[in-house]
Amino acid sequence: MTSSSVTSSQPPRPPRPNLAFRRLRGRRSPAEFAAEVRRAAREIGEQVSCDARYVGRVEAGEIRCPNYAYERVFLHMFPDRTLTDLGFAPRSSVRGRPGRTATEPPPGRLLGGTGAGRTAQDPGDPPQDPDERHHRDEESDVLRRAFMTGGGATVAAASLGAPLALASDALAAPRPRRAGSSEAGALEEAVRRIRLLDDRHGADGLYRRAAAPLRAAYALLDAGTVRQATAERLHSGAGELAISVGWLAHDSGRFDDARSHYAEALATARVAGDPGLEAHAFCNTAFLARDAGRPREAVRAAQAAQRIARPLGSARLMSLLALREAGGWAGLADRTGCEQALARAHALHQRGTTEADPEWMTFYGEAELEGLEAQCWSTLGDWTRAARHARRATRLQDPHFTRNIALYTAELADDLARDGRPDEAAQAGLRVLDLLAQVQSSRVQTMLAGTARVLLPHRRTPGVSDFLEKHTSTPRMP
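Residues numbered from 1 in each chain as written. Predicted model: local features only at pLDDT ≥ 70, side-chain atom pairs only at ≥ 80, totals over all residues. Heavy atoms only, no water.

A tally of helices and strands in the protein yields 24 helices and zero strands. Across the 478 residues of the protein, 55% fall into the buried class. Total accessible area computed for the protein in this model is approximately 20800 Å², and 51% of it derives from carbon and sulfur atoms. (Helix = DSSP H or I, 4+ residues; strand = E, 2+ residues; numbered from the N terminus. Buried < 20%, exposed > 50% of the residue type's maximum accessible area, 1.4 Å probe, protein only. Areas by Shrake-Rupley, 256 points an atom, 1.4 Å probe, with all protein chains shown as cover.)

Another aspect to go through is the environment of D257. Along the chain, D257 falls in helix α14 (residues 255-272). In the structure, D257 is positioned 11 residues away from G246 in sequence and 6.9 Å away in space, judged by C-alpha atoms.

Before going further, it helps to examine the packing of aromatic side chains. Under the definition given, this model contains nine aromatic pairs. Judged by centre distance (4.3 Å) and plane angle (15°), the ring pair of Y54 and Y70 falls under stacked. Residue Y54 is found in helix α3 (residues 52-59), and its partner Y70 is found in helix α4 (residues 68-77); the two are separated by 16 residues along the sequence. For the ring pair F74 and F88, a centre distance of 5.9 Å and an interplane angle of 15° mean the geometry is stacked. Of the two residues, F74 is situated in helix α4 and F88 in the loop between α4 and α5 (91-95); the sequence distance between them amounts to 14 residues. The same class applies to F74 and to F88, which are both buried. (Phe/Tyr/Trp six-rings, centres within 6.5 Å; stacked < 30°, edge-to-face > 60°.)

Attention now goes to unusual backbone geometry. Residue A333 is not a glycine yet carries a positive backbone phi of 60°. Among the residues examined, A333 registers a relative accessible area of 62% and is labelled exposed.

Moving on to helix α17 (residues 315-331). The end-to-end C-alpha separation of α17 is 25 Å, in line with the 24 Å expected for 17 residues at 1.5 Å each. Counted residue by residue, α17 has 16 buried out of 17 residues, so it is predominantly covered. At the C-terminal side of α17, A333 shows a positive phi close to 60°. (Expected span 1.5 Å × (residues − 1).)

Turning to helix α19 (residues 366-379), a few remarks are in order. In this model α19 runs 20 Å from its N-terminal to its C-terminal C-alpha over 14 residues, within 8% of the 20 Å that 1.5 Å per residue would give. Where burial is concerned, most of α19 is hidden: 12 out of the 14 residues are buried. Buried within α19 we find A367, E368, L369, E370, G371, L372, E373, A374, Q375, C376, W377 and S378. Of the surrounding secondary structure, the elements contacted by the buried residues of α19 are α15 (275-291), α17, α18 (335-349), α20 (383-396) and α21 (402-418). In the stretch just after α19, G381 is the one whose phi turns positive, near 85°. (Contact = heavy atoms within 4.5 Å.)

The geometry of α21 relative to helix α22 (residues 422-435) is characterised by a closest axis approach of 8 Å and an angle of 155° between their N-to-C directions. Between α21 and α22, the crossing angle belongs to the class labelled roughly antiparallel. Remark: the crossing between α21 and α22 carries left-handed chirality. Of α22, the residues touching α21 (which contributes T402, I405, A406, T409, A410, L412, A413, L416 and A417) are E424, A425, A428, G429, R431, V432 and L435. (Axes fitted to C-alpha atoms, helices over the stretch in contact; angles between N-to-C directions. Parallel < 35°, antiparallel > 145°, perpendicular 65-115°, else oblique. Left-handed = near helix turned anticlockwise from the far one by under 90°.)

Within the element layout of this structure, T451 appears in helix α23 (residues 442-455). Every residue in contact with T451, bar those within four places of it in the chain, is listed here: A410, A413, D414, A417 and F467.

Turning our eyes to something else, we now look at the confidence of the model for the protein. For the protein, the mean per-residue pLDDT works out to 77, and 72% of the residues sit at or above 70. In this model residues 1-11 is a low-confidence stretch, pLDDT under 50, and it forms 21 contacts with partners more than four residues away in sequence or in other chains. Scored below 50 in pLDDT, residues 95-176 shows 167 contacts in the model against residues more than four places distant or in partner chains. (pLDDT = per-residue confidence, 0-100.)

Moving on to the environment of L312. Within the element layout of this structure, L312 appears in the loop between α16 (295-309) and α17. Relative accessible area serves as the criterion here: at 31%, L312 is assigned to the partly exposed category. Discounting chain neighbours no more than four positions away, the residues touching L312 are P275, G276, L317 and A356.

Right, here's the structure in full:
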């Protein structure tokens with residue numbers, strides 16, 4: 001793809017935050033508000049794929065005007081307000097945008113290449129705001145089918161690589177030009193797409209394809225920029241992309257690669273003087289250390305993250321970091337330290353959301369809190385308590401986070417199996433196997449393999465035999 005294929009005829013305008021829409025959300029988290037949007041849509045027979053990231057893009061001003069389906073839902077939710085009252089731009093201003101040039105990709109090209117499976121529009125709908133392309137196509141049946149048939153990596157490649165194609169082409173030239181706001185925006189979009197695809201389908205199909213965008217991101221930093229504000233966006237975007245790619249490696253069981261990517265993000269944060277990015281890097285480092293069998297390092301990294309994050313003013317972030325510390329204490333078999341950290345995590349979580357909460361924390365709600373606590377009790381060998389929290393996590397999780405539902409259910413199956421409840425464990429394991437048609441996660445598959453080993457002595461039990469037979473016949477990720 002050449003640079004002209006993603007360059008518009010006019011320079012992009014920086015979005016203005018939609019403060020009116022943010023005020024309407026109130027104290028609800030983005031995920032909670034998105035769930036209310038979907039419920040309201042069902043009440044009037046609409047079908048929208050609203051999730052926490054869509055809410056975040058609206059509040060950031062990246063979606064200037066919703067399509068007609070979303071408009072009907074929002075006006076149903078707030079019948080005494082107009083679109084303008086909700087903070088959106090007049091539809092005429094979106095309709096009046098300059099048309100695509102012949103070299104621009106048609107809607108859908110960046111996320112799957114065909115544009116199939118889009119949300120239906122009324123005959124009178126204006127051309128969609130380009131800001132809505134990625135959210136519309138992320139729900140496409142083509143994308144889901146591709147992952148189910150093992151072609152997810154190909155789709156992900158287009159999804160991740162296209163936003164940085166302009167930067168990569170420019171930097172490959174003998175005299176690379178300086179990076180600008182369009183490259184910074186492309187970098188931020190690549191981070192969002194990685195997170196969205198991981199939420200839906202897991203990391204295994206994505207990791208191998210994420211290296212090229214990451215190389216392009218750091219090449220952008222070397223190219224330099226004129227404006228300090230753009231330089232800060234580039235550093236933050238590159239660091240967040242390194243963390244996202246590190247997580248793909250982490251969730252795929254590539255712990256050495258993940259450690260390298262997290263260290264790269266940490267170095268970027270310190271060079272840029274970005275405490276939010278530094279706290280995020282330490283947060284993931286603590287999680288990795290716990291999974292890699294280095295619990296003392298997990299405690300130290302989580303405590304370092306809390307020292308850095310405390311001035312940022314996000315109780316939700318501090319809650320998650322306390323959970324990371326709790327996981328480390330559990331690995332050290334320190335029940336008292338674990339319980340104290342868990343108590344802090346719950347108390348901080350109850351303070352609710354604030355404007356200071358980082359964008360990347362959209363996954364962290366009550367379900368994740370329960371799921372991480374379940375892992376702590378499992379590590380401590382309290383299978384009954386672990387199963388109770390894992391079951392709560394599966395019930396509370398937003399349907400958008402398919403990978404997390406599979407993860408929590410796998411945790412539940414393993415806890416039940418070790419707690420001496422083979423029938424219940426087998427039922428939960430079968431539910432996970434059904435989800436593996438959509439989710440590619442080595443972590444989930446490893447957990448299921450452990451559950452199968454625990455249940456093997458009960459293989460003559462009908463439910464258990466069904467699970468073991470299906471588990472054996474389910475293809476493993478290469």
